[in-house]
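Close look at the chain arrangement
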2 protein chains.
Amino acid sequence: MEIVRYPGREKWAELLKRPHIDNSSLMETVRNVIDDVRERGDEAVRDYELKFDKADLDELLVSEEEFDEAEKSVSQELREAIMTAVHNITAFHAAQDVQLPSVETMPGVRCWQKSVPIDRVGLYVPGGTAPLFSTVLMLAVPAKIAQCPEVIMCTPPDKEGRVNPVVAYAARVAGVDKLFKIGGVQAIAAMAYGTESVPRTYKIFGPGNQFVTAAKQIVSLGQVAIDMPAGPSEVEVIADETANARFVAADMLSQAEHGADSQSILITSSPELAEQTLQEIERQVEQLERRELTEKSLSHSHIIVVRSLDDVIDLTNEYAPEHLIIQTEQPHVIADQIRNAGSVFLGHYTPESAGDYASGTNHTLPTSGYAHAYNGVNLDSFRKKMTLQEITAEGVLKIARTVETMAHAEQLTAHEAAMRLRRESIEKK
Amino acid sequence: MEIVRYPGREKWAELLKRPHIDNSSLMETVRNVIDDVRERGDEAVRDYELKFDKADLDELLVSEEEFDEAEKSVSQELREAIMTAVHNITAFHAAQDVQLPSVETMPGVRCWQKSVPIDRVGLYVPGGTAPLFSTVLMLAVPAKIAQCPEVIMCTPPDKEGRVNPVVAYAARVAGVDKLFKIGGVQAIAAMAYGTESVPRTYKIFGPGNQFVTAAKQIVSLGQVAIDMPAGPSEVEVIADETANARFVAADMLSQAEHGADSQSILITSSPELAEQTLQEIERQVEQLERRELTEKSLSHSHIIVVRSLDDVIDLTNEYAPEHLIIQTEQPHVIADQIRNAGSVFLGHYTPESAGDYASGTNHTLPTSGYAHAYNGVNLDSFRKKMTLQEITAEGVLKIARTVETMAHAEQLTAHEAAMRLRRESIEKK
């Protein structure tokens, strides 16, 4: 990692470039697995589990006994931490259940919205060396608050055919209805099209590697919705001379340890802080368990020194970071001008890891600049809003001419007739 | 069209099948046009306009003089109708700007959401024999209420290089910032990647033919968001013996006249109404301008007679219609049980055409069963919600153990350190 001092605006695009992920070469492989699962159902799923996860499975569904077993293996301390996280995530997402408007747009013409949960949702939680049970909470807790009637989850098993016990415990606590021992592309395909064991879902959520991401993209071209396109995780820190270089370094490293393609960017007005942070990063990285991977990720991270607050704001809105931590004396002054970011952390005492786990906000956020147009997962991600309307006889008389005139101008005479017939029947009375 | 009487549940799936649209064969053609526009910009756009719209264009942007000209050609009556529609659409969408929650999830841990408009949005309005200026209102009015800083629109020109005057007038009234004379795939590509004339946008909205739909799908796999996947339009009418067969028939026909692949379905408990509606349809279709096309669409439409209210509800929730009109004595009893529909019209005096044009609700709605997971365009379609959080020293002491315990269990030690360093610095004070 290096310090870039006062780059001209013409150099920003290059500086803010994300590590490029091209998954076009996987598409065919992924499509074949999807088609196979779609055709052969559970049998195909079992074949791929044996092939990719080395797990020879009879039963794909995690049983009550397995849940009981898993629960016992989770420490009291971790269970309490999970309960606190569930409490906070619940508090924040439940508050998003706001009253929707009902409007009489004209006398006798009433329009309103109604939020309805999605009938069946599918959650994917990756496996690997450190399974992210926090993701279980971030997806399942809001799904239950939204009152989705059925919440399905898939996560890959180990070679012995067991899912990670903390993942299973978190799934039970969060109210997941069915947990399946299925990973990767086969999990996405099973939830998209259904198999003998896995019910077909209408929206699929959750992170994953390039294969899982490609699978989600492919099924989303068909009948299934997905939470959002996913790319490598990233953080931007904005800091001034009041910032603590140790905190800034720790925040950048906690992003970098996610994966070799993660990105951490520091934007600061203070050349001193830039230097100190670089030294702190070099010092702290030595103590990390995932040191090697973290160093790879740092190789495409930057510390950028800028001259003005305007530069800070413009750079940030152009980059549109997934996570933005503002460690300045007056963080609100900056936050008020940020238009593009997934989740914003204000002040010296608000690390991203608080939001990653337990403050209550969701950690499923738009990466890769998608924050320009997408938001992260929230309560509404698990619902859709129907519109409804009711028109009285009075309303028909008020609105009919407008509708008939417009329909006629669009040469849609049946549309015109549908309104006219009603108007005439009322006028005759 | 035929009447299907009391079909068994095992026959529903076949009955509710939508006309199949397979656009996979167009994908390569569409991709080539997109790549060409991406590479050659305006020059490529001009070439395709000449090829597909037979328009030889110097300037792609509609000028103020052209807007003035267009406005003059729109009748006073139509202008007033458009103003009424704008008023109602504004009233309904502005009311969706609800207060977002701010929650103290733990003492010292405050989380909130903030709605931010998308910086630049692109609207597409198809051309053809009857240009849908109502779509201009349905997209541009909410975009302006959301305060999107820049609203771009594309619509194809005629052979003389002119856009439809009512479309231009509607764009001006609704506050579109830039209107371009570009149609089809080249319009979607230009708005997705930008050209010398057309600014790059972050989200693209609007209907279109199979080529436009394919183009939207392709660019959505890259950096651009789209409103929703689009398929042929459809309506379901639920009616009982209190319904007026003339109204029911008119509603079904107004859907059918949209295009040969549109679908109209009537579900009724009354065999008499079924018969009467069929006769009315045959009578009314003869008076329509788009008779031929409407008859094609009727060939894959159905009248289904069912025995019970449960059948009505289950059939509807399975079909998940874009539009649902409930013409029964107590429409609210049914509406309360509907979980999957785009827009619902209650009672004998609420035709779909009211919502298509002027009642205030949006007419950009999920087709093809997407109402299972998607809603139609609303105010939030033009914004995204950032989450923000701020933690005090007290909050750090409250939440730190939870975060550290969870991060440690996920083997993310840098995440743990980011919280621990802050906690320790406060504890030392």
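Structure's up top.
Residues numbered from 1 in each chain as written. Chains lettered and ligands numbered in written order. Predicted model: local features only at pLDDT ≥ 70, side-chain atom pairs only at ≥ 80, totals over all residues. Heavy atoms only, no water.

1. Re the overall build of chain A
Stated formally: Strands are runs of DSSP state E lasting at least 2 residues, helices are runs of H or I lasting at least 4, and numbering of each runs from the N terminus. Working definition: with a 1.4 Å probe on protein chains only, accessible area under 20% of the residue-type maximum means buried, over 50% means exposed, and in between means partly exposed. We call two residues in contact whenever any of their non-hydrogen atoms come within 4.5 Å of each other. We get accessible surface area from the Shrake-Rupley algorithm with a probe of 1.4 Å; when it comes to residues, only the shown protein chains can shield them. The charged-residue count follows a simple rule in which Lys and Arg add positive charge and Asp and Glu add negative charge, with His and chain termini not counted at all. A charged residue contributes its charge at one atom only: NZ of Lys, CZ of Arg, CG of Asp or CD of Glu.
In terms of helices and strands, chain A carries 17 helices and 14 strands. Here chain A holds 429 residues, and 63% of them are scored as buried. Here the contacts in chain A between residues at least 6 apart in sequence split such that 75% fall between residues at least 24 apart. When the accessible surface of chain A is totalled, it reaches about 16,000 Å², and 47% of it is carbon and sulfur. Between the mean site of the 42 positive side-chain charges and the mean site of the 65 negative ones, chain A shows a separation of 7 Å.

2. Concerning helix H17 (residues 413-428) of chain A
What counts here: Here, expected helix span is obtained from the residue count minus one, scaled by 1.5 Å.
Under the 1.5 Å per step criterion, the end-to-end length of H17 of chain A is 22 Å for 16 residues, consistent within 8% with the ideal 22 Å. With 12 of 16 residues buried, H17 of chain A lies mostly within the body of the structure. The set of residues buried in H17 of chain A consists of Thr-413, Ala-414, His-415, Glu-416, Ala-417, Ala-418, Met-419, Leu-421, Arg-422, Arg-423, Ser-425 and Ile-426 of chain A. Next to the buried residues of H17 of chain A lie helix H16 (393-409) of chain A together with helix H10 (245-256), helix H11 (271-285), strand S12 (323-327) and helix H15 (352-357) of chain B.

3. Some words on the relation of the copies chain B and chain A
Applicable threshold: Least squares is the method for superposing the copies, and the C-alpha atoms it fits come from residues with pLDDT of at least 70 in both.
Its rotation angle being 180 degrees, the transformation that places chain B on chain A also includes 0.0 Å of axial translation and leaves an RMSD of 0.0 Å. When the rotation and shift are considered jointly, the pair of chain copies conforms to a two-fold rotation axis. Ranked by how close their C-alpha atoms come to the rotation axis, the residues of chain B are headed by Val-98 of chain B, at 3.9 Å.

4. A short note on the pattern of salt bridges
As a reminder of what qualifies: One speaks of a salt bridge when a side-chain nitrogen belonging to Lys or Arg is within 4 Å of a carboxyl oxygen belonging to Asp or Glu.
Applying the stated rule across the entire model yields 58 salt bridges over all chains. Between Asp-47 of chain A and Arg-40 of chain A there is a salt bridge, and its shortest N-O distance comes to 3.0 Å. For Asp-47 of chain A, a relative accessible area of 38% corresponds to the partly exposed category. Exposure remark for Arg-40 of chain A: the relative accessible area of 29% places this residue in the partly exposed category. Shared partners join several salt bridges into a network, and the residues in it are Asp-97, Asp-380, Arg-383 and Lys-385 of chain A together with Asp-97, Asp-380, Arg-383 and Lys-385 of chain B.

5. Some details on the environment of Thr-84 of chain A
Within the secondary structure layout, Thr-84 of chain A lies in helix H5 (residues 76-94). The spacing of Thr-84 of chain A and Leu-346 of chain A is 262 residues in sequence and 22 Å in space, taken between C-alpha atoms.

6. Remarks on the sheet that holds strand S7 (residues 203-205) of chain A
All names here are of chain A. The test is simple: Strand pairing follows a simple DSSP-based rule, namely that at least 2 bridges must link the two strands. For helices, the fitted line uses only the C-alpha atoms of the stretch in contact; every axis is such a line through C-alpha atoms, and the angle between N-to-C directions lies from 0 to 180 degrees.
The strand order across the open sheet formed by five strands is S6-S5-S4-S7-S8, and the pairing between neighbours is parallel. Two strands close off the open sheet at either side, each with one partner strand: strand S6 (178-181) and strand S8 (225-226). Two elements, strand S5 (residues 150-155) and S6, share four bridges in a ladder whose sense is parallel. In the sheet register, Thr-155 faces S6, and the bridge partner there is Lys-181. Packed on one face of the sheet, helix H8 (residues 184-193) meets strand S4 (120-124), S5 and S7 and runs near 175 degrees to S4.

7. A few points about the interface of chain B and chain A
Note: interface size is frequently given as the accessible area lost on complex formation between the parts. Stated formally: Summed over both partners, the accessible area (1.4 Å probe) lost when two parts come together is defined as the buried area. Residues adjacent in sequence count toward polar contacts only when both atoms are side-chain atoms; beyond that, a polar contact is any pair of N or O atoms within 3.5 Å, and within protein one must be able to donate a hydrogen and the other to accept it.
Each partner contributes residues to the interface: chain B has 121 residues there, and chain A has 120 residues. Both faces considered, chain B and chain A share a buried interface measuring about 10,800 Å² in area, 59% of it formed by carbon and sulfur atoms. The tally of links from chain B across to chain A stands at six salt bridges. Two residues, Asp-119 of chain A and Arg-339 of chain B, come together in a salt bridge whose shortest N-O distance is 2.8 Å. Connecting chain B to chain A are 66 residue pairs in polar contact (both at pLDDT 80 or more).

8. Some thoughts on unusual backbone geometry
A positive phi is found at Lys-54 of chain A, a non-glycine position, where the angle reads about 55 degrees. In this fold, Lys-54 of chain A is placed in the loop between helix H3 (42-52) and helix H4 (64-73). Although it is not a glycine, Tyr-6 of chain B sits at a positive phi angle of roughly 50 degrees. Within the secondary structure, Tyr-6 of chain B is located in the loop between strand S1 (2-5) and helix H1 (12-15).

9. Overview of the sheet that holds strand S9 (residues 234-239) of chain B
On the basis of which strands lie adjacent, the open sheet formed by nine strands has the order S2(A)-S3(A)-S14(A)-S13(B)-S12(B)-S9(B)-S10(B)-S11(B)-S1(B) and mixed pairing. Each end of this open sheet is capped by a strand with a single partner; those strands are strand S2 (102-106) of chain A together with S1 of chain B. The mean inter-strand angle of the sheet, taken between neighbouring strand axes irrespective of direction, is 20 degrees. Pairing between strand S14 (residues 383-391) of chain A and strand S13 (residues 343-346) of chain B: four bridges, direction parallel. Looking at S13 of chain B, one finds that Leu-388 of chain A is bridged to Val-344 of chain B. Packing against the sheet, H10 of chain B makes contact with S9, strand S10 (263-268), strand S11 (302-305) and S12 of chain B, and its axis sits at approximately 170 degrees to S9 of chain B.

10. Concerning the state of the cysteines
All names here are of chain A. Rules: Counting rule for disulfides: a pair of cysteine sulfur atoms within 2.5 Å.
Evaluation of the coordinates by the stated rule reveals zero disulfides over all chains. No disulfide involves Cys-148; its nearest neighbouring cysteine sulfur is the one of Cys-154, lying 16 Å away. According to the relative accessible area criterion, Cys-148 is buried, its value standing at 3%.

11. Some remarks on the packing of aromatic side chains
Operational definition: Put simply, two rings from Phe, Tyr or Trp (the six-membered ring, in Trp's case) pair if the centres are within 6.5 Å, and we call them stacked under 30 degrees between planes, edge-to-face over 60, tilted for the rest. The criterion is that NZ of a Lys, or CZ of an Arg, lies within 6 Å of the ring centre and within 35 degrees of the ring normal, and then a charge sits over that ring.
With the rule as written, the count across this model stands at six aromatic pairs over all chains. Between Tyr-48 of chain B and Phe-52 of chain B, the aromatic rings sit 5.9 Å apart at their centres with planes inclined by 5 degrees, giving stacked as the arrangement. You can see Tyr-48 of chain B and its partner Phe-52 of chain B sitting in helix H3 (residues 42-53), four residues apart, about one turn around the helix. Here the basic side chain of Arg-110 of chain A rests over the ring of Trp-112 of chain A, its NZ or CZ set 4.1 Å away from the ring centre. It is Arg-307 of chain B that lies over the ring of Tyr-6 of chain B; its NZ or CZ is 4.0 Å from the centre.

12. Notes on the side chain of Ser-353 of chain A
With respect to the helices, strands and loops of the structure, Ser-353 of chain A is situated in helix H15 (residues 352-357). Judged by its relative accessible area of 1%, Ser-353 of chain A falls in the buried class. The residues touching Ser-353 of chain A, leaving out its near neighbours within four places in the chain, are Val-403, His-415, Ala-418 and Met-419 of chain B.

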